[in-house]
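A closer look at the structure
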There are 2 protein chains.
Amino acid sequence: MQRLRRLWGRRSARVDERCFVVEGAKVLGEALDAGVAVESVYLAPGAGAPELAVAARAADRGSRVFELAPQALERAIGTVTPQPVVAVVPFVDRALAAIGRPQLVVVCVDVRDPGNAGTVLRSAAAAGADAVVVCDGAVDPYNPKAVRASAGALFHVPVVVAGPPAAALAELGALGLARLGTVARGGADYTTVDLAAPTALVLGNEAQGLPGGLDDHLDGTVTIPMPGRAESLNVGMTAAVLCFEAARQRRVAAGVGSG
Amino acid sequence: MQRLRRLWGRRSARVDERCFVVEGAKVLGEALDAGVAVESVYLAPGAGAPELAVAARAADRGSRVFELAPQALERAIGTVTPQPVVAVVPFVDRALAAIGRPQLVVVCVDVRDPGNAGTVLRSAAAAGADAVVVCDGAVDPYNPKAVRASAGALFHVPVVVAGPPAAALAELGALGLARLGTVARGGADYTTVDLAAPTALVLGNEAQGLPGGLDDHLDGTVTIPMPGRAESLNVGMTAAVLCFEAARQRRVAAGVGSG
């Protein structure tokens, strides 16, 4: 349980062991579906049929399964009513070079809120993006709150943990992607930009937007026009709107859907 | 403080007094900007310049201002680190008949999660919708978590608290809006439907979708195609994607933006 607490609470512990914690039978099942080699499963006393079934699946695949004493899980992860199963699973990120020829990538330069980061992952996965690149300075995608907000999306879209934003953007440019910074105002209307071409959507900080010094590594900027009040979308919602506009344009380009 | 606790914690108390609680200098300032007659302002000991300035604005407009003892606010609203200013403000909802001739309306038939409800309000406000209609069975839009997630959007888009969904949809139909139910699968691709025409986007329950028995009150159904995994968008993200597609189509219809 010391280890569970450490992996839950400390990024450095996660990085050292290259493992993180997922909660709940549904997400654990999705990890197994995705072929992840689940290391350990922890069942709390409240575990019911769904939790026992997924633990059995994991055990069949070689996971260790532990049954916990009452309140042990609450103490380890500091959540009042945790899901009755959690598991330790290995990191799923990969190198950008391993993605192949990506057509749609979302880049988190400086997304700080774990909930927003999770929503970005979820949007990217739903819209069929080829990767989410998380740069230095952005929140750890394996942070428990980000994992929870991503609702399993970590297992459905390739994640790349990159270094400094400039280097990551240079690498994406070399792959032939148009790198478009998202800005609250002053960018091109995102619906008038060709998002059917290979594109990297670059998301900045919730409050400050994109940091300075990246201009050499961007091919343009886009803005979501707000008929209502500006600054009303958070970065997760922004990602959803942009990713699904890219998906729409790709259907149009493929001759499916409307113009 | 008893009253603040009651209004914070109990829907029945809010409905009886037709008042709710907002948190933070930013949202309170937006309420004042919107012309809301703020009733009472409560300053906690941690209040700084932004809180004092907005309290002064409210006092100038006739609000009562109370300075709270240490920990009083924490005890009243049960939040560990509350914003150092909260206020009691009157309900802002209005009758559908008071909206005029709405062109874009979002209808929450059965949205249960306060965070999702807040995100729906935020998306609708940002995209310039004319109203959000909240039916019986959906979460109270004045629930503190919904208010927090809406980030002030309650003051930027008209809210209608309606009765049973069937009656609300009948009324919207009579106003000439095409009532489109959002469904996880089997509906028309939302990008191929004319959302530039007067439209009511009808959102169901997070898990179960739209309840049965509404078919007579819907003019069609729409689905967001998911190139990635289905069921990956929550209802707040769904609202953002649909509202901004409506905004896009309206710009195209007005001759602004691309097709």
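Shown above is the structure to which this text applies.
Here the structure is a predicted model, which means the values were calculated and not measured. Each residue is numbered by its place in its chain's sequence as written, counting from 1. Numbering of ligands from 1 and lettering of chains from A proceed in the order in which they are written. For a predicted model such as this one, the threshold for reporting local features is a pLDDT of at least 70, and the threshold for listing and counting side-chain atom pairs is 80 or more; totals across whole chains, interfaces and linings nevertheless cover every residue. Side-chain numbers here rest on the full set of heavy atoms in the structure, without hydrogens or water.

Looking now at the overall build of chain A. Check the secondary structure of chain A and you find nine helices and 11 strands. With respect to the three principal axes, the spread of C-alpha positions in chain A is 55 × 40 × 40 Å. Exposed residues in this analysis have more than 50% of their type's maximum accessible area, buried residues have under 20%, and partly exposed residues fall in between, with area computed by a 1.4 Å probe over protein chains only. Here chain A holds 259 residues, and the buried ones make up 55% of them. What sets the accessible areas is the Shrake-Rupley method with a 1.4 Å probe; for residues, cover comes only from the shown protein chains. Here chain A has roughly 10,400 Å² of accessible surface; of this, 52% comes from carbon and sulfur atoms. Averaging the locations of the 24 positively and 25 negatively charged side chains of chain A gives two centres separated by 4 Å. Helix and strand assignments come from DSSP, with helices taken as H or I runs of at least 4 residues and strands as E runs of at least 2, each series counted from the N terminus. In this count, Lys and Arg are taken as positive residues and Asp and Glu as negative ones, while His and the chain termini are left out. The atom standing in for a charge is NZ when the residue is Lys, CZ when it is Arg, CG when it is Asp and CD when it is Glu.

Once that is clear, we can look at the packing of aromatic side chains. Within 6.5 Å between ring centres, the rings of Phe, Tyr and Trp (the latter by its six-membered ring) count as paired, and their orientation is classed by plane angle as stacked under 30 degrees, edge-to-face over 60, tilted in between. Taken as a whole and assessed by the stated rule, the structure comprises 10 aromatic pairs over all chains. Considering the side-chain rings of Tyr42(A) and Phe66(A), the 5.2 Å spacing of their centres and the 20 degrees angle between planes classify their relative orientation as stacked. Placement of the pair is Tyr42(A) in strand S2 (residues 40-43) and Phe66(A) in strand S3 (residues 64-67), with a sequence separation of 24 residues. The class for Tyr42(A) is buried, based on a relative accessible area of 7%. With relative accessibility at 31%, the residue Phe66(A) sits in the partly exposed group. Aromatic side chains Phe20(B) and Phe91(B) sit 6.3 Å apart centroid to centroid with 55 degrees between the ring planes, which places their arrangement in the tilted category. In this pair, Phe20(B) sits in strand S1 (residues 19-23) while Phe91(B) sits in the loop between strand S4 (85-90) and strand S5 (104-108), placing the two residues 71 residues apart along the sequence. You'll find Phe20(B) and Phe91(B) in the same group, each marked buried.

To continue, consider the pattern of salt bridges. Oppositely charged side chains can form a pair if their charged atoms are brought close together. Here, a salt bridge means any side-chain nitrogen of Lys or Arg that lies within 4 Å of a carboxyl oxygen of Asp or Glu. Taken as a whole, this structure holds 30 salt bridges over all chains when the rule is applied. A salt bridge links Arg248(B) to Glu245(A), with the nearest nitrogen and oxygen atoms 3.9 Å apart. Of the two residues, Arg248(B) sits in helix H9 (residues 235-253) while Glu245(A) sits in helix H9 (residues 235-253), which places them in two different chains. Comparing Arg248(B) with Glu245(A) shows no difference in burial state: the two are buried.

Moving on to the relation of the copies chain A and chain B. We place the copies in one frame by least squares, fitting the C-alpha atoms of every residue whose pLDDT is at least 70 in both. Laying chain A over chain B is done by rotating through 180 degrees and shifting 0.0 Å along the axis; what remains is an RMSD of 0.0 Å. This pairing of chains is accounted for by a two-fold axis. Contacts are residue-level and defined by heavy atoms, with any inter-residue pair within 4.5 Å sufficient. Here 100% of the contact residues of chain A are again contact residues in chain B; the copies associate through an equivalent surface.

Residue and element names in this part refer to chain A. The buried count for strand S10 (residues 199-203) comes to five of five residues, which makes it a mostly enclosed element. Side-chain alternation along S10 places Thr199, Leu201 and Leu203 on one buried face and Ala200 and Val202 on a second face that is also buried. Being paired, for any two strands, means DSSP has found at least two bridges between them. Here five bridges tie strand S5 (residues 104-108) to S10, and the two strands are oriented parallel to one another. Its bridge partner lying in S10, leucine 104 is registered against threonine 199. Examined bridge by bridge, strand S8 (residues 178-182) and S10 share four bridges and lie parallel to one another. Within the sheet, the bridge partner assigned to glycine 181 lies in S10 and is valine 202.

Where interface size is quoted, it is often the accessible area lost as the parts come together. Each side of the interface is counted separately: chain A has 33 residues, and chain B has 33 residues. Of all residues in chain A, Arg122(A), Arg229(A) and Phe244(A) bury the most surface against chain B, accounting for 20% of the area lost on that side. Two N or O atoms form a polar contact when they lie within 3.5 Å of each other; inside protein one atom must be a possible hydrogen donor and the other a possible acceptor, and for residues adjacent in sequence the pair counts only when both atoms belong to side chains. Along the contact surface separating chain A from chain B lie six residue pairs in polar contact (both at pLDDT 80 or more). Elements with a contribution of two residues or more to the side of chain A that touches chain B: helix H6 (114-126) and H9 of chain A. The element that contributes the greatest number of residues to the side of chain A that touches chain B is H9(A), accounting for eight residues. Polar here means any residue outside two lists: the nonpolar Ala, Val, Leu, Ile, Met, Phe, Trp, Tyr, Cys and Pro, and the charged Asp, Glu, Lys and Arg; Gly therefore counts as polar. Of the residues in the side of chain A that touches chain B, the class split is 14 nonpolar, 12 polar and seven charged. The term buried area denotes the loss of accessible surface (1.4 Å probe radius) that occurs when two parts are joined, taken as the sum for both partners.

Residues and elements named next belong to chain B. Packing of helix H6 (residues 114-126) against H9 brings their axes to within 8 Å, and their N-to-C directions diverge by 10 degrees. For the element pair H6 / H9, the angle class is roughly parallel. Residues Asn116, Thr119, Val120, Ser123, Ala124 and Ala126 of H6 form the contact with H9, whose own contacting residues are Val235, Gly236, Ala239, Ala240, Cys243 and Phe244. Interaxial angles span 0 to 180 degrees and are taken between N-to-C directions of axes, which are lines fitted to C-alpha atoms, for helices over the stretch in contact. Angles below 35 degrees are treated as roughly parallel, those above 145 as roughly antiparallel, those between 65 and 115 as roughly perpendicular, and all remaining angles as oblique.

So, about the environment of Leu218(A). Residue and element names in this part refer to chain A. If you trace the backbone, leucine 218 turns up in the loop between S10 and strand S11 (220-223). Along the sequence, leucine 218 and leucine 169 sit 49 residues apart, while their C-alpha atoms lie 7.5 Å from each other. In this structure, leucine 218 is in contact with Leu169, Arg179, Gly181, Val202 and Leu210, ignoring residues within four places of it in sequence.

Attention now moves to unusual backbone geometry. All names here are of chain B. Phi is positive for glutamine 71, close to 75 degrees, though the residue is something other than glycine. Note that glutamine 71 resides in the loop between strand S3 (64-67) and helix H5 (72-77). For glutamine 71, a relative accessible area of 47% translates into the label partly exposed. One non-glycine residue, alanine 151, adopts positive backbone phi at about 50 degrees.

Here the focus is the sheet that holds S1(B). Residues and elements named next belong to chain B. In spatial order, the strands read S1-S4-S2-S3; together these four strands make up an open sheet with mixed pairing. Each end of this open sheet is capped by a strand with a single partner; those strands are S1 and S3. For this sheet the average axis-to-axis angle between neighbouring strands, irrespective of direction, equals 20 degrees. The pairing of S1 with S4 spans five bridges and is classified as antiparallel. Note on S4: the bridge partner recorded for valine 22 is alanine 87. The sheet strands contacting helix H1 (residues 2-9) are S1, strand S2 (40-43), S3 and S4, and the helix crosses S1 at an angle near 90 degrees.

Time to look at the nonpolar core. The set of buried Ala, Val, Leu, Ile, Met, Phe, Trp, Tyr and Cys residues whose side-chain atoms join them within 4.5 Å is what this entry labels a nonpolar core. Core analysis: the biggest nonpolar cluster contains 123 residues, and Phe20(A), Phe155(A), Phe20(B) and Phe155(B) have the highest contact counts within it. If sequence neighbours within four positions are ignored, Phe20(A) has contacts with Arg14(A), Ala87(A), Val88(A), Val89(A), Pro90(A), Phe91(A), Tyr142(A), Val147(A), Leu154(A) and Phe155(A).

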